[in-house]
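Single-letter residue listing:
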Amino acid sequence: QVQLVESGGGLVQPGGSLRLSCAASGSIFVIWNMGWYRQAPGKQRELVASMSNSDITNYADSVKGRFTISRDNAKNMVYLQMNSLKPEDTAVYYCYADLVPAGRAVSHYWGRGTQITVSS
C-alpha cells in the first residue's frame, strides 16, 4: 500500500519560514512527478509547486521567488522550503505523487495534508 505522509506544518508569523517534507512509502517502482497543492477555506485546491524526476520544476506565480521545491529520489521524498510567508499562504498543504506502484499502472496519490497558518 502506497502512502504519502507530510510533516512540517504549523503556525508562523508573516515573513517567517517553514519547511514541509513528504515521504512516499510502500512498494513503489518509480515516481514521476511529486509536488504540493494547497487549499484555503472556501477556495479550490491549487498547485503550489511540482518537480519531475528529471528536476523540471513548476511554481504558482504567487509563490515564485519565495518557495523552493526539492526532491531526494533515493528516499522518495519531496520538500517545500517556504520563505517570506504571507497571511494569504494560509491553507492546508497536500503532497502528491504520480507514481508507478510495483506491478501496477501509474496512479496519482495524495497525502492527508498539513495545516499552515501565517498570522501574527
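Use the structure listed above.
Structure report, in brief.

About the criteria used
- Residues numbered from 1 in each chain as written.
- Predicted model: local features only at pLDDT ≥ 70, side-chain atom pairs only at ≥ 80, totals over all residues.
- Heavy atoms only, no water.
- Core = buried A, V, L, I, M, F, W, Y, C linked by side-chain atoms within 4.5 Å.
- Buried < 20%, exposed > 50% of the residue type's maximum accessible area, 1.4 Å probe, protein only.
- Helix = DSSP H or I, 4+ residues; strand = E, 2+ residues; numbered from the N terminus.
- Contact = heavy atoms within 4.5 Å.
- Pairing = 2+ DSSP bridges.
- Axes fitted to C-alpha atoms, helices over the stretch in contact; angles between N-to-C directions.
- Disulfide = S-S within 2.5 Å.
- Phe/Tyr/Trp six-rings, centres within 6.5 Å; stacked < 30°, edge-to-face > 60°.
- Lys NZ or Arg CZ within 6 Å of the ring centre and 35° of its normal.

Side note on the nonpolar core
Nonpolar side chains tend toward joint burial in soluble globular proteins.
Turning to step 1, where the next piece is worked out: One finds W36, V48, F67, I69, L80, M82 and Y93 to be the most contacted residues of the largest nonpolar core, which totals 32 residues.
Turning to step 2, where the next piece is worked out: Of all elements in the fold, only strand 3 (18-25), strand 4 (28-39), strand 5 (46-51), strand 7 (67-72), strand 8 (77-82), strand 9 (91-101) and strand 11 (114-118) reach the threshold of two or more residues within this core.
Turning to step 3, where the next piece is worked out: For this core, the leading source of residues is strand 9, giving 5 residues.
Turning to step 4, where the next piece is worked out: Setting aside chain neighbours within four positions, we find M82 in contact with G16, S17, L18, L20, R66, F67, Y93 and I116.

A closer look at the sheet that holds strand 8
Turning to step 1, where the next piece is worked out: Overall, antiparallel pairing links the 4 strands, which are arranged 1-3-8-7 in an open sheet. Every other strand in the sheet has two partners, leaving strand 1 (3-7) and strand 7 as the edge strands with one partner each. Pairs of neighbouring strands in the sheet enclose a mean axial angle of 15 degrees, with direction left out of account.
Turning to step 2, where the next piece is worked out: The pairing of strand 7 with strand 8 spans 6 bridges and is classified as antiparallel. Opposite I69, over in strand 8, you have L80 as the bridge partner.

Notes on the state of the cysteines
Turning to step 1, where the next piece is worked out: For the structure shown, the criterion picks out 1 disulfide.
Turning to step 2, where the next piece is worked out: In this model, C22 is linked to C95 through a disulfide, with the two sulfur atoms separated by 2.0 Å. Looking down the S-S bond of the C22 and C95 bridge, the torsion is -80 degrees, so its handedness is left-handed. Pair noted here: C22 is in strand 3 and C95 is in strand 9, with a separation of 73 residues, a long-range link.

Structural notes on the pairing of strand 9
Turning to step 1, where the next piece is worked out: Among the 11 residues of strand 9, 10 are classified as buried, and the element is accordingly described as predominantly covered.
Turning to step 2, where the next piece is worked out: Summarising the sheet, strand 4 and strand 9 pair through 10 bridges and their orientation is antiparallel. What sits directly across from I28, in strand 9, is P101.
Turning to step 3, where the next piece is worked out: Pairing of strand 9 with strand 11 involves 3 bridges; the strand directions are antiparallel. When the sheet's bridge partners are listed, A91 is paired in strand 11 with I116.
Turning to step 4, where the next piece is worked out: Pairing geometry for strand 9 and strand 10 (residues 107-110), over 4 bridges, is antiparallel.

Structural notes on the packing of aromatic side chains
Turning to step 1, where the next piece is worked out: Within this structure, the stated rule accounts for 4 aromatic pairs.
Turning to step 2, where the next piece is worked out: With centroids separated by 5.1 Å and ring planes inclined at 70 degrees, the aromatic side chains of Y37 and W110 adopt a geometry described as edge-to-face. Of this pair, Y37 sits in strand 4 while W110 sits in strand 10, placing them 73 residues apart in sequence.
Turning to step 3, where the next piece is worked out: A residue is classified by how much of its surface remains accessible, and W110, at 36% relative accessible area, is partly exposed.
Turning to step 4, where the next piece is worked out: An aromatic cluster of three or more residues is present, and its members are Y37, Y94, Y96 and W110.
Turning to step 5, where the next piece is worked out: Geometry around W110 places R45 over its ring, the cationic atom sitting 4.6 Å from the centre.

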